Amino acid sequence: MLKQNTKISTKALLPFSIAALLFLILLNMALGSVNIPFSEVLLSVTGKGSENIIWHNILIRTRLPQTLVAVSAGMALGVAGLLMQTLFRNPLAGPSVLGISSGASLGVAFVLLVAGQTFGFSFAQIGMWGDLAVAGASLGGALAVLALILFISRKVGGTLSVLIMGVMIGYLSNSVVGILKFYSLEEDVHNYVIWGLGSFSRLSLERAELFAAITIPLSIVSLLLSKPLNLLALGDHYARNLGLNIRKARFLIIFTSGILTALVTAFCGPIVFIGMAVPHLAKMISRTSNHFSLILNSIIIGSATALLCNLIARLPGIDSELPINSVTAFVGAPVVISVILKRRKEKILE
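**Here's the deal with the overall build of the chain**
Then step 1. The helix and strand inventory of the chain stands at 14 helices and 0 strands.
Then step 2. Helices (α) and strands (β) of the chain occur, in sequence order from the N terminus, as α-α-α-α-α-α-α-α-α-α-α-α-α-α.
Then step 3. When each of the 350 residues of the chain is scored for burial, the buried share is 48%.
Then step 4. For the chain, restricting intrachain contacts to residue pairs at least 6 apart in sequence, the fraction spanning at least 24 positions comes to 76%.
Then step 5. As presented, the chain carries roughly 17,300 Å² of accessible surface, and 68% of it is formed by carbon and sulfur atoms.

Here's what the structure looks like:
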């Protein structure tokens, strides 16, 4: 009877979660340095237009792409974090655990730090082409590390070995970045640091739509991994006895998580803590070990968390915008700390 009530309450929470997500989308569109009435937001978003041209331009050119990017990035990071935590059976694993974000950072470092001295100009100061170069370098670095991790995953037998290799690759990438920063110009280092703080506001509406068109379907397609994830959660021995091809499942999980992480890092910079904290929130709300429900909740909660962080980053009435990573750490760190304390308490009770 208790399990039945739990399932009912979980299903009842889904419409509430979706409603909360829609409300956060409206808040992100309406609130900021200039507060815009909800009625004007709805008119502009539905294509009817607003009588106030300034409000309409703010909504369409700034807040709509920023909101779209936050929804897509939060969704992707939430799913990627859940996949990594299940694969490695580590509650502190996140999307960047395999060094993919570090690979992206290394690619950007070569563009912003090396090119500045080699060609005598900064890519950060040449507008759209500079942004495309940074995004391309980030995506290239992330995909290169992902390809290496996938190659390693097919060669080695244990999941722990893949995790160790990923962590080591991340350390190597960071060490190279540190050397490049030491020998680079102060202005180039400043541009690199700004990129590393992360942002949901770097993309135009067209590029935000492209980003969403890739990340949202891929996040939803990850629901197809729910069955192998359920089997892996039981342990490799049980999963193998139940007919699961461990290496193939591990390959697909790493590939999906890696692509999502690479895309977010390329377009938004390295966003921290969302991918680590969201899966725990999804487990608390779902109250189930079924990964179909967990992935679905990670999609919704990830988007909502990113929107909340984006809203805090540009608090109403403040002209400047806070670095998104400082806000995500402020929101996500308490969740991770509570998980550690809860696990410690459970071990004491045992």
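**Overview of helix 8 (residues 205–221)**
Then step 1. For helix 8, with 17 residues, the first-to-last C-alpha span of 24 Å sits near the 24 Å given by 1.5 Å per residue.
Then step 2. Leu205, Arg207, Ala208, Phe211, Ala212, Thr215 and Ser219 are the residues of helix 8 that are buried.

**Looking at the packing of aromatic side chains**
Aromatic ring pairs are defined here through the distance separating the ring centres and the angle between the ring planes.
Then step 1. Across all of its chains, the model carries 3 aromatic pairs by this definition.
Then step 2. Both rings, one in Phe182 and one in Tyr183, keep their centres 5.1 Å apart while their planes meet at 90 degrees; by these two values the pair is edge-to-face.
Then step 3. Judged by its relative accessible area of 60%, Tyr183 is exposed.
Then step 4. Sitting over the face of the ring of Phe251, Arg154 holds its NZ or CZ atom 5.3 Å from the ring centroid.

**Some words on the environment of Leu106**
Then step 1. By the secondary structure assignment, Leu106 is in helix 4 (residues 100–119).
Then step 2. Residue classification places Leu106 among the buried residues on the basis of a relative accessible area of 19%.
Then step 3. Separated by 66 residues in the primary sequence, Leu106 and Leu172 place their C-alpha atoms 9.7 Å from one another.
Then step 4. Those residues within four positions of Leu106 in sequence are excluded, and the remaining contacts are Ser173, Val176 and Val177.

**Here's the deal with the nonpolar core**
Then step 1. Ranked by internal contacts, the top residues of the largest apolar core, which has 71 residues, are Met84, Leu98, Phe200, Phe211, Ile254 and Cys268.
Then step 2. A per-element tally of this core places helix 3 (residues 53–88) first, with 14 residues.

**As for the pattern of salt bridges**
Then step 1. In total, this model carries 1 salt bridge according to the counting rule given.
Then step 2. A salt bridge links Arg89 to Asp236, with the shortest nitrogen-to-oxygen separation between them at 2.9 Å. A residue pair is termed long-range when its members are at least 10 positions apart, and Arg89 in the loop between helix 3 and helix 4 and Asp236 in helix 10 (residues 236–241) qualify at 147 residues.

**What about helix 9 (residues 226–233)?**
Then step 1. Among all positions in helix 9, only Ser226, Pro228, Leu229, Leu231 and Leu232 are buried.
Then step 2. At its buried positions, helix 9 is contacted by helix 3, helix 10, helix 11 (246–268) and helix 13 (291–313).
Then step 3. Phi turns positive one or two residues past the end of helix 9, at Gly235, with a value near 115 degrees.

So, how was this worked out
Throughout, a residue's number is its position along its own chain's written sequence, starting from 1. At least 70 in pLDDT is required for a residue's local features to be given in this predicted model, at least 80 for side-chain atom pairs to be given and counted, and no such filter applies to totals for whole chains, interfaces and linings, which use all residues. As a convention, hydrogens and water are excluded, and side-chain values are obtained from all of the structure's heavy atoms. Working definition: helices are DSSP H or I runs of at least four residues, strands are E runs of at least two. Numbering for both runs from the N terminus. When a residue's accessible area, from a 1.4 Å probe over protein chains only, is under 20% of the maximum for its type it is buried; when over 50% it is exposed; and in between it is partly exposed. Contacts between residues were defined by any pair of non-hydrogen atoms, one from each residue, lying within 4.5 Å. In short, Shrake-Rupley with a 1.4 Å probe defines the accessible areas, and a residue's cover is counted only from the protein chains shown. Expected span of a helix: the number of residues minus one, times 1.5 Å. The rule is short: rings of Phe, Tyr and Trp, with Trp giving its six-membered ring, pair when the centres are within 6.5 Å, and they are stacked under 30 degrees, edge-to-face over 60, tilted in between. Charge-over-ring placement is defined geometrically: NZ (Lys) or CZ (Arg) within 6 Å of the ring centre, and within 35 degrees of the ring normal. In this description, a nonpolar core means a group of buried Ala, Val, Leu, Ile, Met, Phe, Trp, Tyr and Cys residues linked to one another through side-chain atoms lying within 4.5 Å. By definition here, a salt bridge exists when the distance from a side-chain nitrogen of Lys or Arg to a carboxyl oxygen of Asp or Glu is within 4 Å.

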